[in-house]
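Chain residues, written in single-letter form:
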Amino acid sequence: MLDCFYTKPIFKNFKKTQAKKYFILTYGCQMNESDSERIGFYLEKKAYKPAKSEKQADLVILNICSVRQSAVNRIYSKINKLKTIKTKPKIFITGCVLDKDKKKFKILGASYKKFGQIAMKKDCKHKIGYVPIMRGCNNFCSYCVVPYTRGREFSRSPNTILREVRELLKQGHTEIVLLGQNVNSYLFKKTDFSNLLKLINNISGDFKIRFLTNHPKDMSDKLINTISKCEKIIKEIHLPVQSGDNKILRAMNRKYTKEHYLNLIKKIRKKIPNIKFTTDVIVGFPGETKAQFQNTADLVKKVKFTNAYIAKYSPRPETTAFNLDNNISHKEKKRREKILRKIVFKK
Ligand code: SF4
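Predicted model only: the values in this text are computed from it and were never measured. (Residues numbered from 1 in each chain as written. Predicted model: local features only at pLDDT ≥ 70, side-chain atom pairs only at ≥ 80, totals over all residues. Heavy atoms only, no water.)

Undergrad: Can you walk me through the domain arrangement of the protein in this structure?
TA: A common way to report how large an interface is uses the accessible area buried once the components associate. Looking at the assigned domains, one finds that the protein contains domain 1 (16-112), domain 2 (124-234) and domain 3 (237-347). The centre of domain 1, based on its C-alpha atoms, is set 32 Å off from the matching centre of domain 3. Between domain 1 and domain 3, the contact holds 9 residues from the first and 8 residues from the second. Surface buried jointly by domain 1 and domain 3 totals about 610 Å² across both partners, of which 41% is contributed by carbon and sulfur atoms. Three residues, Arg68, Gln69 and Leu98, lead the burial of domain 1 against domain 3; their summed loss comes to 68% of the area buried on that side. In this structure, the connection of domain 1 to domain 3 is made through 0 salt bridges. Connecting domain 1 to domain 3 are 5 residue pairs in polar contact (both at pLDDT 80 or more). Broken down by secondary-structure element, the contributors of at least two residues to the side of domain 1 that touches domain 3 are α2 (69-82) and α3 (99-108). Among the elements that line the side of domain 1 that touches domain 3, the one with the most residues is α3, at 3 residues. Taken together, the residues of the side of domain 1 that touches domain 3 break down into 3 nonpolar, 2 polar and 4 charged. (Domains from an automatic or database assignment. Contact = heavy atoms within 4.5 Å. Buried area = accessible area lost by both parts, 1.4 Å probe. Salt bridge = Lys/Arg side-chain N within 4 Å of Asp/Glu carboxyl O. Polar contact = N/O pair within 3.5 Å; in protein donor to acceptor, adjacent residues only side chain to side chain. Helix = DSSP H or I, 4+ residues; strand = E, 2+ residues; numbered from the N terminus. Nonpolar A, V, L, I, M, F, W, Y, C, P; charged D, E, K, R; others polar.)

What follows is the structure in structure tokens.
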């Protein structure tokens, strides 16, 4: 058994003969997708069966993302819809949830449940196998709820991770994706992310390694060297830049400058000539002038990302940026988003 625990038993009086059905709705990032697979596995071990749709379920779990307010608003209406289902399912919320939302969801009839580390699903058929290596974040970017919803950084032990990777390879997965809010700050005792990558790369077999997501400030020379040397690592790095303007980067509390970011790209390209970069960008951060946005557009043009997740700034309660004047209109944010899309996707 891998490290598997569930913080509070939700089905204390559950009788195996009941054969109840569950349905999980997943929103947001790969971390949530991976967690949902594991929650499903956990429920099946408790004799729950997967339902074909939420309408046939006795238990619906909403594994949610709080990065944008619009995403949270959609959950409120989803809960109201679920309450009209004939089977009257129990509704649980998990994932990335702010305390204030937990209270509101509860009033609506959906309780928050915290799942701990659950063993991975045993019968995944797809080629990608997700392995969470760490959770949480210590960075407190001024716009981001993750440090509030996921808590401080916590790295899983290398032994547990290696065991899971081997198990996934045995099942036939050919691509291992290491997940975490900030994988390149992984640290378990003396094992840092670079050491961990080497250990995984040394596992025999024909497979590839991918990892996300990274913080530019934690991309050390040692790590760049390891990525270049390990033949199983896919030569594509997701390196969120968020803005190409130093004043905005400071206001975002990103802890690096445009120059640092561009030097990093240059350094990595020199060491790994065939490397590809993908990124995240936020447009319309409070106070972002047209000239400041242009700095971002220039950086995006310069780096030539192969993919980019472009988000319109959305104020999130509890974050420091929440108190700033969200003074860029939705229309202007959309315009800026369109410009960046054109640069990255050439359409
Ligand atoms: S590093 Fe990422 S997860 Fe952490 S606060 Fe910043 S944006 Fe959020």
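Moving on, there is more to tell.
Undergrad: Explanation requested: the packing of helix α9 (residues 258-271) against helix α10 (residues 290-303) in the structure shown.
TA: Between two packed helices, what matters for the description is the angle formed by their axes and the separation of those axes. Where α9 contacts α10, the two axes come as close as 11 Å, and the packing angle between them is 5 degrees. Overall, the two elements α9 and α10 adopt an arrangement that is roughly parallel. Packed against α9, whose contacting residues are Lys258, Tyr261, Leu262, Ile265 and Arg269, the element α10 presents Leu299, Lys302 and Val303 at the interface. Split into classes, the residues belonging to the contact of α9 with α10 amount to 5 nonpolar, no polar and 3 charged. (Axes fitted to C-alpha atoms, helices over the stretch in contact; angles between N-to-C directions. Parallel < 35°, antiparallel > 145°, perpendicular 65-115°, else oblique.)

Undergrad: So what exactly am I meant to see when it comes to helix α5 (residues 158-170) here?
TA: Given 3.6 residues to a turn, an α-helix orients residues that are three or four positions apart in the same direction. Helix length check: α5, at 13 residues, gives a terminal C-alpha distance of 18 Å against a target of 18 Å (1.5 Å per residue), a fit within 8%. The complete set of buried residues in α5 reads Pro158, Thr160, Ile161, Leu162, Glu164, Val165, Leu168 and Leu169. Close packing links the buried residues of α5 with α1 (30-45), β6 (128-132), β9 (175-179), β10 (187-188), β11 (191-192) and α6 (193-201). Two residues or fewer past α5, Gly172 is found with a positive phi of approximately 105 degrees. (Expected span 1.5 Å × (residues − 1). Buried < 20%, exposed > 50% of the residue type's maximum accessible area, 1.4 Å probe, protein only.)

Undergrad: What is the right way to read the site of the ligand from this model?
TA: As a matter of local geometry, the ligand sits amid Cys137, Asn139, Phe140, Cys141, Tyr143, Cys144, Val146, Pro147, His215 and Arg254. Among the residues forming the shell around the ligand, the class breakdown is 7 nonpolar, 2 polar and 1 charged. (Near = heavy atom within 4 Å.)

Undergrad: I keep staring at the sheet that holds strand β5 (residues 111-112) and nothing clicks. Help me out?
TA: The strands making up a sheet are joined through hydrogen bonds of the backbone, oriented either antiparallel or parallel. An order of β2-β1-β3-β4-β5 is seen for the 5 strands of this open sheet, with the pairing classed as parallel. Strands with a single pairing partner mark the edges of an open sheet, and in this sheet they are β2 (49-50) and β5. Here 2 bridges tie strand β4 (residues 90-95) to β5, and the two strands are oriented parallel to one another. The partner of Ile93 across the bridge, within β5, is Tyr112. Lying on the sheet, α2 is in contact with β1 (21-26), β3 (59-64) and β4; it crosses β3 at an angle near 175 degrees. (Pairing = 2+ DSSP bridges.)

Undergrad: What is the right way to read the sheet that holds β9 from this model?
TA: With respect to topology, 3 strands assemble into an open sheet ordered β6-β9-β12, the strand pairing being parallel. In the strand order of this sheet, the two ends are held by β6 and β12 (208-212), each with one partner. Averaged over all neighbouring strand pairs, the angle between strand axes comes to 25 degrees, with direction disregarded. Contacting β6, β9 and β12, α1 runs over the sheet at an angle of about 95 degrees to β6.

Undergrad: Looking at this model, I keep getting lost on the environment of Tyr256. Mind explaining?
TA: Here Tyr256 is to be found in the loop between α8 (246-251) and α9. You can call Tyr256 buried: its relative accessible area is 7%. For Tyr256 and Lys346, which are 90 residues apart along the polypeptide, the C-alpha to C-alpha distance reads 28 Å. Once you skip the residues sitting within four places of it in the chain, Tyr256 turns out to touch His215, Pro216, Lys217, Pro240, Val241, Gln242, Leu249 and Tyr261. Within the local environment of Tyr256, its side chain forms a polar contact with the backbone oxygen of Pro240, the two atoms lying 3.3 Å apart. Within the structure, Tyr256 has its side chain in polar contact with the backbone oxygen of Val241 (distance 2.7 Å).

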